[in-house]
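Given next are the chains, with one letter for each unit.
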Amino acid sequence: MWVYIVTNNLGELCRELGWLDGAEACIAEGLALALQLGDQANMQTCLGNAAYLLRDQQHMQAADAALRDAVQLGQALQMPAQQCEHLYALAELCLAQGKAAEALLHTQAAEALAS
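No experiment lies behind these values; they were computed from the predicted model shown. (Residues numbered from 1 in each chain as written. Predicted model: local features only at pLDDT ≥ 70, side-chain atom pairs only at ≥ 80, totals over all residues. Heavy atoms only, no water.)

### Topic: the pattern of salt bridges
- Taken as a whole and judged by the stated rule, the model has six salt bridges.
- For Arg-55, the salt bridge goes to Asp-56, with nearest N and O atoms at 3.2 Å.
- A residue is classified by how much of its surface remains accessible, and Arg-55, at 26% relative accessible area, is partly exposed.
- Residue classification places Asp-56 among the partly exposed residues on the basis of a relative accessible area of 30%.
- Residues Asp-64 and Arg-68 are paired through a salt bridge, measuring 2.5 Å at the closest nitrogen-oxygen approach. Linking Asp-64 with Arg-68, this pair stays in helix H4 (residues 60–76), spanning four residues, or about one helical turn.
- Arg-68 gets classed as partly exposed once you look at its relative accessible area, which sits at 31%.
- Look at the salt bridges and you will find they share partners, linking Glu-12, Arg-15, Glu-16, Arg-55 and Asp-56 into a network. (Salt bridge = Lys/Arg side-chain N within 4 Å of Asp/Glu carboxyl O. Buried < 20%, exposed > 50% of the residue type's maximum accessible area, 1.4 Å probe, protein only. Helix = DSSP H or I, 4+ residues; strand = E, 2+ residues; numbered from the N terminus.)

Following this line, the structure appears as structure tokens:
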């Protein structure tokens, strides 16, 4: 049962080391297993990790969509800490795309959750 968590974490480690192909395979497998088991909390983590990978691969629209899904899932599951993390990541992604006003909105939403 914990295999998908380890797989997802291994994917994040691979991403941080720059091994993007390995990261993609591990994160995809972790997400597939979390979906299969219906573990929404870990789906949210997998979506966040997938978004970071997609950002690193310069797939900004897909990264944006994955982060928005992670934020929505965090809201539905009442997981404010993870929701904040993904809102800040979404703000950084918006800044990288020149969307400063939208980045500010995500930052403000994260700060409101954190307080």
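Now that the structure has been shown, the text picks up again.
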